[in-house]
Amino acid sequence: PASDPALVERARRAKAALGDRLFVLGHHYQRDEVIQFADVTGDSFKLAREAAARPEAEFIVFCGVHFMAESADILTAPEQKVILPDLAAGCSMADMARLAQVEDAWDVLAAAGVADVTVPVTYMNSSADIKAFCGRHGGVVCTSSNAKSVLEWAFQRGEKVLFLPDQHLGRNTAVLQLGLGLDECVVYDPHRPDGGLTAEQLAAAKVILWKGHCSVHGRFTAEAVDDVRARIPGVKVLVHPECQHEVVLKADLVGSTEFIIKTLEQAPEGSAWAIGTELNLVKRLANAHPDKQIAFLEKTVCYCATMNRIDLPHLVWALEQLVEGNVVNQITVDEETSRYAREALQRMLDLPG
Ligand code: 13P
Ligand code: SF4
């Protein structure tokens, strides 16, 4: 549905009043009504870089989820303020790895005699304290667009990787991009004693995958790929690497949101695509490319509920409060956590490519 014209006008006016003091970042999974006010849109990697490259902005309004706003706060100067228009915009995947659980897992690895040869790698979709844990232990952050080069970096420094918190991105990258065997990956379940793994299993593994997943991407199925191929002859299936391994194996192409967007921009007129990622983005792409047939891979999968928390009323409220001199919903990461999390983030940002 079209946005409420009165709210659109209020957002416009507030943005104009704040001018260069304000910079609005929008993740690709955000609603259209919000994306129209983003100064820049991107995947989580691009948005982290963009946040770090705006030292002149006093206020960074992050239209995305909590872990992204935390990363922006870590990468910006102390006087810059990062604002998340709705504090309930979290991420269920990030919530699947808590610091105390990860510290316990590290103890389990130490008891098995493998912690010293393990490099912790966390997906961007994790809380700041998990990033800081990785920073403290010589580890690094990755995103869906650079997971391959980050894992290669990690394997130059250790024999094993502890991959947090998305088992699917970890498995898909290790097996399909680094050529490791499926049997070289084991899953650490934080809800079972010792992660449900024996010391022998830990010693034999190359990649220890945290048992976390995205509640949106994890729901695409391999059957949906078969169904869409039967329904749309010649369709190309393009999915995000947070999808399950069986889905990615059946797809034609796999990549981050930024990769999905570029692929469709370059696709020939008349080509047919089925996309396995968040619905706001798929709908926007279908509207942007009327010359191509763009379908959503699985009808029963819905929007990311927490991405959708950021709507136009929340954005207008946050902007108007700023105009009045009130900083609402500021996201701050404490200095100690920031310092180590920044190390892990900076190692990623410093990688070539
Ligand atoms: P990217 O933006 O890195 O593709 O991540 C997708 C995602 O799930 C963000 O929450
Ligand atoms: Fe988290 Fe998945 Fe939503 Fe991204 S799409 S914010 S990973 S729940």
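Not measured: the values here are computed from a predicted model.

A. Local environment of the overall build of the protein. Looking only at helices and strands, one finds 15 helices and 13 strands in the protein. On C-alpha atoms alone, the protein measures out to a radius of gyration of 21 Å, which is about the 20 Å that the 2.2 N^0.38 rule sets for 353 residues. If you line up the protein on its principal axes, its C-alpha atoms span 65 × 55 × 35 Å. Looking at the protein as a whole, 49% of its 353 residues are labelled buried. Restricting to contacts in the protein with at least 6 residues of sequence separation, those with at least 24 account for 68%.

B. Expanded view of the site of ligand 1. Looking at ligand 1, the residues that line it are D43, S44, F45, C91, N125, T143, S144, C214, E242, S256 and T257. Residues that form the shell around ligand 1 fall into these classes: three nonpolar, six polar and two charged.

C. Expanded view of the environment of I60. Position of I60 among the secondary structure elements: in strand 3 (residues 59-63). Separated by 39 residues in the primary sequence, I60 and R21 have C-alpha atoms spaced 8.6 Å apart. In this structure, I60 is in contact with F23, L25, A51, R54, A72, T76, Q80, V82 and I83, ignoring residues within four places of it in sequence.

D. Structural detail: unusual backbone geometry. The omega torsion across L164 and P165 is -25°, close enough to zero to call that bond cis. One can find P165 in the loop between strand 7 (160-164) and helix 8 (167-177). Phi at D194 is positive, roughly 55°, even though this residue is not glycine. With respect to the secondary-structure elements, D194 resides in the loop between strand 8 (185-188) and helix 9 (199-204). Despite not being glycine, N329 shows a phi value in the positive range, around 55°. In this fold, N329 is placed in the loop between helix 14 (312-323) and helix 15 (335-349). Classification of N329 as partly exposed rests on a count of 19 C-beta atoms within 10 Å.

Reading the values: rules and limits
Residues numbered from 1 in each chain as written. Chains lettered and ligands numbered in written order. Predicted model: local features only at pLDDT ≥ 70, side-chain atom pairs only at ≥ 80, totals over all residues. Helix = DSSP H or I, 4+ residues; strand = E, 2+ residues; numbered from the N terminus. Rg over C-alpha atoms; globule rule 2.2 N^0.38 Å. Buried ≥ 20, exposed ≤ 12 C-beta atoms within 10 Å, placed from the backbone. Contact = placed C-beta atoms within 7 Å. Near = placed C-beta within 6 Å. Nonpolar A, V, L, I, M, F, W, Y, C, P; charged D, E, K, R; others polar.

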